[in-house]
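Examination of the molecular architecture
Residue strings, one per chain:
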Amino acid sequence: MDGPDDERLHEISVRLHHEDPRFAHGLGHGRPCRPREYRHARAWLLLAVALAVLGAGVALAHGLLIAAGLALAGTAGEMFDPHRGTRYRRGRCRF
């Protein structure tokens, strides 16, 4: 009894598997993991490195280390945004 709903569900399943195979595999076996948008291990690691560099820059009174620490902290902050890849795909702004 194939119908248009079955085709749409199959398309959604294929797209989900293409976007995040780990999540799709876990969902298929009844033990889903976090989707890719909510895995932040790299962001936490980069934030820890940024704070270490920033602290070293403040302790040594070295402006370049302070600037590098702030830049890394900003990059880590951007990595925590779950929709960072989809925000800029819409096209150009029209004024």
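Residues numbered from 1 in each chain as written. Predicted model: local features only at pLDDT ≥ 70, side-chain atom pairs only at ≥ 80, totals over all residues. Heavy atoms only, no water.

Quick notes on the overall build of the protein chain
From N to C terminus, the protein chain includes four helices and zero strands. The order of helices and strands in the protein chain, counted from the N terminus, is α-α-α-α. Taking all 95 residues of the protein chain together, the buried fraction comes to 13%. Taking as baseline every contact in the protein chain between residues at least 6 positions apart, the subset at least 24 positions apart corresponds to 31%. (Helix = DSSP H or I, 4+ residues; strand = E, 2+ residues; numbered from the N terminus. Buried < 20%, exposed > 50% of the residue type's maximum accessible area, 1.4 Å probe, protein only. Contact = heavy atoms within 4.5 Å.)

Brief notes about the packing of helix 3 (residues 41-60) against helix 4 (residues 63-79)
Packing of helix 3 against helix 4 brings their axes to within 8 Å, and their N-to-C directions diverge by 160 degrees. Considered as vectors, helix 3 and helix 4 are oriented roughly antiparallel to each other. The two elements helix 3 and helix 4 meet at a crossing, and its hand is left-handed. Residue-level contacts link R42, A43, L46, L47, V49, A50, V53, L54, A56, G57, V58 and L60 of helix 3 to L65, I66, A68, G69, L70, L72, A73, T75, A76 and M79 of helix 4. Tallied by class, the residues present in the contact of helix 3 with helix 4 amount to 18 nonpolar, three polar and one charged. (Axes fitted to C-alpha atoms, helices over the stretch in contact; angles between N-to-C directions. Parallel < 35°, antiparallel > 145°, perpendicular 65-115°, else oblique. Left-handed = near helix turned anticlockwise from the far one by under 90°. Nonpolar A, V, L, I, M, F, W, Y, C, P; charged D, E, K, R; others polar.)

Brief notes about the packing of aromatic side chains
If you walk through the whole model with that rule in mind, you get one aromatic pair. An angle of 75 degrees between the planes, with centres 5.0 Å apart, marks the rings of W44 and F80 as edge-to-face. Placement of W44 in helix 3 and of F80 in the segment after helix 4 is noted, with a sequence separation of 36 residues between them. (Phe/Tyr/Trp six-rings, centres within 6.5 Å; stacked < 30°, edge-to-face > 60°.)

Some details on helix 2 (residues 21-28)
Among all positions of helix 2, only F23, A24 and G26 are buried. The arc enclosing the buried residues of helix 2, seen along the axis, measures out at 165 degrees, which places them on a common side. In helix 2, those exposed residues whose orientation departs by more than 90 degrees from the buried face are R22, H25 and G28. Looking at the buried positions of helix 2, the neighbouring elements they touch are helix 1 (4-19). With its phi angle positive at about 80 degrees, G30 sits one or two positions after the end of helix 2. (Arc of directions from axis to C-beta.)

Digging into the environment of L46
Within the secondary structure, L46 sits in helix 3. When the C-alpha atoms of L46 and L72 are compared, they prove to be 7.0 Å apart, with 26 residues separating the residues in sequence. For L46, the residues in contact, after removing those within four places along its chain, are L72, T75, A76 and M79.

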